[in-house]
Amino acid sequence: MQDQVAELQVHFWLVLLMFAFAIQTFILLFWVNAPYGRFTRAGWGPTISARSAWVLMESPAVLVFVAIFFTGDHAFELAPLVLLGVWQLHYLIRTFIFPFRIRETGKRIPAVIVALAIFFNVLNAYINARWISHLGEYPVAWLTSIPFFAGVTIFIVGWIINQHADIPLFRLRKPGETHYSIPEGGLYRRVSCPNYFGEILEWTGWALATWSLAGLAFAVFTVANLLPRALATHRWYREKFPDYPKSRRALIPYLV
């Protein structure tokens, strides 16, 4: 019992650390664009191929999450297993499918960015997996609760938006091409970054479905990370393409 109380305290402070990271990230990214993708630039030290970097960065969200999850006392109960499936629906694709669909063509990501992402994903995997399989309580009845139903519904809508938004990006370049073009179709008619919008919906849904501070911390961090990048990407499109559609918003249709 004392060990459980001590771990709850450690877990709480790690969740607070996640909130602190979110605040720092939000402020920093309004001043500095993270140097990957269209914002890649020299001066950030050694680099790793984009495909390898994505696999390395996202692997802890799959592997560490599973390892932590199955050490929990509630790991083989139905509701935690369903939540495990929801989490892995996103990260199995993001880790082991997405990197092999992108048109890499020599693109690289600074090793320091990869290291920071690994640290974040290990921390995030621990606080969420440990909560849903051990520290939190999710009886079978939770699967019929309003927060769970609403959260999973929002997650699935976000997941569909995120997956659908990736398809035009994969098709923008033919093999060997490196130039950027204006993505068209779907939610790209309304916003510059529907992929980010979908991901924000996913983890907002996760926060509701788990009804936890750990889930909320992840959702807040997702917004802090992706909102500034969406705004920067929107500005980049407008500066690079004089004919860029003026009606498009950056992230949320008709709003932002």
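One can find the structure itself at the top, above this paragraph.
Structure report, in brief.

A few points about the overall build of the protein chain
Part 1 of the argument: Counting its regular elements, the protein chain contains seven helices and two strands.
Part 2 of the argument: N-terminal to C-terminal, the α/β element order of the protein chain is α-β-α-α-β-α-α-α-α.
Part 3 of the argument: For the protein chain, whose C-alpha radius of gyration is 19 Å, the value lies close to the compact-globule estimate of 18 Å for 256 residues.
Part 4 of the argument: Projected onto the principal axes, the alpha-carbon positions of the protein chain cover approximately 60 × 40 × 35 Å.
Part 5 of the argument: A buried classification covers 48% of the 256 residues belonging to the protein chain.
Part 6 of the argument: In the protein chain, the proportion of contacts linking residues at least 24 apart, taken out of those at least 6 apart, comes to 83%.
Part 7 of the argument: Within the structure as shown, the protein chain displays about 12800 Å² of accessible surface, and the carbon and sulfur contribution to it stands at 69%.
Part 8 of the argument: Here the protein chain holds 21 positive side-chain charges and 14 negative ones, and the gap between their average locations is 16 Å.

Some remarks on unusual backbone geometry
Part 1 of the argument: Within the chain, W211 stands out as a residue other than glycine whose phi angle is a positive 45°.
Part 2 of the argument: Note on placement: W211 falls in the loop between α6 (194–210) and α7 (213–240).

Some thoughts on the packing of aromatic side chains
Part 1 of the argument: Applying the stated rule across the entire model yields 24 aromatic pairs.
Part 2 of the argument: For the ring pair W87 and W206, a centre distance of 5.1 Å and an interplane angle of 65° mean the geometry is edge-to-face. Of the two residues, W87 is situated in helix α3 (residues 78–96) and W206 in helix α6; the sequence distance between them amounts to 119 residues. Neither W87 nor W206 differs from the other in exposure class; each is buried.
Part 3 of the argument: A centroid spacing of 6.1 Å and a plane angle of 50° characterise the contact between F120 and F218, whose relative ring orientation is tilted. Here the residue F120 occupies a position in helix α4 (residues 111–135), and F218 occupies one in helix α7, the gap between them amounting to 98 residues. Side by side, F120 and F218 carry an identical accessibility label, which is buried.

Criteria and thresholds
- Residues numbered from 1 in each chain as written.
- Predicted model: local features only at pLDDT ≥ 70, side-chain atom pairs only at ≥ 80, totals over all residues.
- Heavy atoms only, no water.
- Helix = DSSP H or I, 4+ residues; strand = E, 2+ residues; numbered from the N terminus.
- Rg over C-alpha atoms; globule rule 2.2 N^0.38 Å.
- Buried < 20%, exposed > 50% of the residue type's maximum accessible area, 1.4 Å probe, protein only.
- Contact = heavy atoms within 4.5 Å.
- Areas by Shrake-Rupley, 256 points an atom, 1.4 Å probe, with all protein chains shown as cover.
- Lys, Arg positive; Asp, Glu negative; His and termini not counted.
- Charge placed at Lys NZ, Arg CZ, Asp CG, Glu CD.
- Phe/Tyr/Trp six-rings, centres within 6.5 Å; stacked < 30°, edge-to-face > 60°.

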